[in-house]
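# Results of the structural survey
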Amino acid sequence: MLAVLLTTALLAAEPTSVPLIQTLPEDGSWVKFDLRLEGPSIDQTLTWTVRSVGNFQQAGKDLRCIETDLSGGTDLSPSVHRLLVPVEAFGENKHPLERAVKMWFFRGMEAPQAASGLEADAITAFFLGGPTSDVVKLAEPEVVKWQRGELNCTAYTGQSKRMVNTALFDSDWKVLRHPEIPFGLAGLTLKINPGNPGEEIKVTMTLQDHGKNAEAALPSLVP
């Protein structure tokens with residue numbers, strides 16, 4: 001009976017989804033990735049950065065300000081998302097950015113737009129949500145080689161299906177996580193099938209660097 005209970009508890013602890021951003025690092029932490037997009041009409045490498053850029057309070061809740069920054073593309077406009085997230089929302093197997101109480105975002109030269117949460121931007125919500133079904137934690141760690149050495153990362157595979165504008169993104173994921181990397185994310189691979197033959201998009205995100213003393217891109221936008 002004890003063995004059955006322990007087995008049941010272990011199975012229950014397995015995640016059913018793997019959001020990309022889960023844990024909360026020290027404020028000022030940042031992590032940067034090379035993000036390669038490959039598809040029938042695109043092949044380029046961008047830079048995607050996540051940073052923690054301030055502590056706030058609202059309605060008695062402690063909030064952390066998280067910015068994500070996509071830059072370097074020739075066909076895609078640079079973009080910044082700034083989210084105010086309850087500190088209590090962070091943790092392993094949680095999706096804290098989904099619980100943002102406020103978000104601002106802009107692309108290219110547009111003025112920042114305000115929104116009540118992450119769902120205002122369907123593509124970003126899809127990407128940050130990670131795999132949401134058929135999630136499997138692989139038995140063996142996957143090694144990530146980068147400029148400071150090697151990391152033995154926990155690897156998760158899974159799938160997701162989500163309507164993005166008028167297209168159904170049917171996607172296969174592999175997400176790599178490591179506790180020493182800010183926010184716990186060490187890289188990923190993603191294959192997106194938008195529903196039309198020959199239009200599959202492959203995304204490969206590899207760790208470039210991480211550090212402290214992050215500077216906000218949108219410091220004037222506060223509660």
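For the structure itself, look to the data block above.
Here's a quick rundown of the structure. Small disclaimer: the values here were computed from a predicted structure and weren't measured. (Residues numbered from 1 in each chain as written. Predicted model: local features only at pLDDT ≥ 70, side-chain atom pairs only at ≥ 80, totals over all residues. Heavy atoms only, no water.)

## Digging into helix α2 (residues 122-129)
- A large share of α2 lies buried, amounting to six of its eight residues.
- If you check which residues of α2 are buried, you get T124, A125, F126, F127, L128 and G129.
- One side-chain oxygen of the residue at the start of α2 lies 3.3 Å from the amide nitrogen of I123, identifying that residue as D121.
- One or two steps after α2, the chain reaches G130, where phi turns positive at roughly 65°. (Buried < 20%, exposed > 50% of the residue type's maximum accessible area, 1.4 Å probe, protein only. Helix = DSSP H or I, 4+ residues; strand = E, 2+ residues; numbered from the N terminus. Polar contact = N/O pair within 3.5 Å; in protein donor to acceptor, adjacent residues only side chain to side chain.)

## Some remarks on the pattern of salt bridges
- One pass over the structure, following the stated rule, counts 11 salt bridges.
- Two residues, D121 and R107, come together in a salt bridge whose shortest N-O distance is 2.7 Å. Pair noted here: D121 is in the loop between β6 (113-115) and α2 and R107 is in strand β5 (residues 102-107), with a separation of 14 residues, a long-range link.
- According to the relative accessible area criterion, D121 is buried, its value standing at 5%.
- Taking the relative accessible area as the measure of exposure, R107 reaches 31% and is therefore partly exposed.
- Across the pair E119 and R162 runs a salt bridge, and its minimum N-O distance is 2.4 Å. (Salt bridge = Lys/Arg side-chain N within 4 Å of Asp/Glu carboxyl O.)

## Quick look at the packing of aromatic side chains
- For the structure on display, the rule yields five aromatic pairs.
- With a centroid separation of 6.1 Å and 35° between ring planes, the pair formed by F33 and W48 is classed as tilted. Of this pair, F33 sits in strand β1 (residues 30-39) while W48 sits in strand β2 (residues 42-58); the two residues are 15 residues apart in sequence, bridging distant segments of the chain.
- Using a relative accessible area of 6% as the deciding quantity, one classes W48 as buried.
- Seen in terms of ring centroids, F126 and W173 are 5.7 Å apart; in terms of plane orientation they differ by 55°. Their pairing is tilted. (Phe/Tyr/Trp six-rings, centres within 6.5 Å; stacked < 30°, edge-to-face > 60°.)

## Structural notes on the environment of Q22
- Counting through the fold element by element, Q22 comes out in the loop between α1 (2-13) and β1.
- For Q22, a relative accessible area of 1% corresponds to the buried category.
- When the C-alpha positions of Q22 and V135 are compared, they lie 16 Å apart, and in sequence the two are 113 residues distant.
- Dropping the residues within four chain positions of it, Q22 is found in contact with F90, G91, E92, N93, K94, P96, R177 and F183.
- For Q22, the side chain forms a polar contact with the main-chain nitrogen of N93, separated by 2.8 Å. (Contact = heavy atoms within 4.5 Å.)

## A few points about the environment of A214
- Here A214 shows up in the segment after β12 (201-211).
- When its relative accessible area of 22% is taken as the criterion, A214 is described as partly exposed.
- Sequence spacing of A214 and A111 is 103 residues, and the spatial spacing of their C-alpha atoms is 22 Å.
- The residues contacting A214, other than those within four sequence positions of it, are G28, S29, W30, R51, S52 and V53.

## As for the nonpolar core
- With 48 residues, the main nonpolar core has W48 and F127 as its most contacted residues.
- Leave out the neighbours within four places in its chain, and W48 touches I21, V31, K32, F33, L35, T68, D69, L70, F127, L128, L185 and M205.
- If you look at the next biggest cluster of nonpolar residues, it comprises nine residues, including C65, V80, W104 and F106. (Core = buried A, V, L, I, M, F, W, Y, C linked by side-chain atoms within 4.5 Å.)

## Overview of the side chain of S29
- Within the secondary structure layout, S29 lies in the loop between α1 and β1.
- Reaching out from S29, the side chain makes a polar contact with the backbone oxygen of E26 at a distance of 2.7 Å.
- Ignoring sequence-local partners within four residues, the contact set of S29 consists of V50, R51, S52, P182, F183, G211, K212 and A214.

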